[in-house]
Amino acid sequence: MKIQGNSPVKINALNAYQKSGSPRKSENIQQDSVELSAQAKEIAELQKKAGQLPEVRQERVADLKQKIAQGQYQIPAEKLADKLLQTIAQEKK
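What counts as what
Residues numbered from 1 in each chain as written. Predicted model: local features only at pLDDT ≥ 70, side-chain atom pairs only at ≥ 80, totals over all residues. Heavy atoms only, no water. Helix = DSSP H or I, 4+ residues; strand = E, 2+ residues; numbered from the N terminus. Areas by Shrake-Rupley, 256 points an atom, 1.4 Å probe, with all protein chains shown as cover. Salt bridge = Lys/Arg side-chain N within 4 Å of Asp/Glu carboxyl O. Buried < 20%, exposed > 50% of the residue type's maximum accessible area, 1.4 Å probe, protein only. Expected span 1.5 Å × (residues − 1). Patch = residues over 30% accessible without salt bridge, like charges linked within 9 Å, V, L, I, M, F, W, Y side chains within 5 Å.

J.: Hey, could you run me through the overall build of the protein chain in this one?
T.: When helices and strands are tallied, the protein chain shows four helices and zero strands. Counted from the first residue to the last, the protein chain has its helices and strands arranged as α-α-α-α. As displayed, the protein chain offers around 10000 Å² of accessible surface, 52% of which is attributable to carbon and sulfur atoms.

Structure below.
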């Protein structure tokens, strides 16, 4: 492939750009804007608060450990059976 000559159009355009120092700016610049609803603002605030909460509630864990150690923590058999059945049903899906 041979490249012959210089393209005067491209060179002249480049020279014009270099002389001006910057591309031409439009006088009618429009800016985008976003307005959030009150509900969206509330959701964002709640998400922020939830992110600041610890994943494990240490007070609850300590209380349960103490009850288990003392033999005071009892799980109703029916409630346990329901949860086991739910877990098995979800695993089959």
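J.: I would appreciate a short explanation of the pattern of salt bridges in the present structure.
T.: Pairing is possible between side chains of opposite charge, provided their charged atoms come close. Inspection of every chain in the model, using the stated rule, returns two salt bridges. The shortest N-O distance in the salt bridge between K67 and D63 comes to 3.8 Å. With K67 and D63 both in helix α3 (residues 58–70), this residue pair falls four residues apart, about one helical turn. Here K67 falls in the partly exposed class, since its relative accessible area comes to 32%. Counted as one network, the salt bridges with shared partners bring together R60, D63 and K67.

J.: Hey, could you run me through helix α4 (residues 77–92) in this one?
T.: An α-helix turns once every 3.6 residues. As a result, residues three or four positions apart point the same way. Taking 1.5 Å per residue, 16 residues should reach 22 Å; α4 reaches 23 Å between its end C-alpha atoms and fits that length. Of all the 16 residues making up α4, zero are buried; the element is thus mostly uncovered.

J.: Can you help me understand a nonpolar patch on the surface in this one?
T.: On the surface, I68, Y73, I75, L80 and L84 cluster together into a nonpolar patch covering about 490 Å² of accessible area. The residue L84 is located in helix α4 in this model.

J.: Please clarify how helix α2 (residues 38–52) should be interpreted in this entry.
T.: The terminal C-alpha atoms of α2 lie 22 Å apart, and with 15 residues this matches the ideal 21 Å at 1.5 Å per residue to within 8%. Among the 15 residues that make up α2, zero are buried, leaving the element largely open to the surroundings.

Geometric values such as these leave the question of function open.
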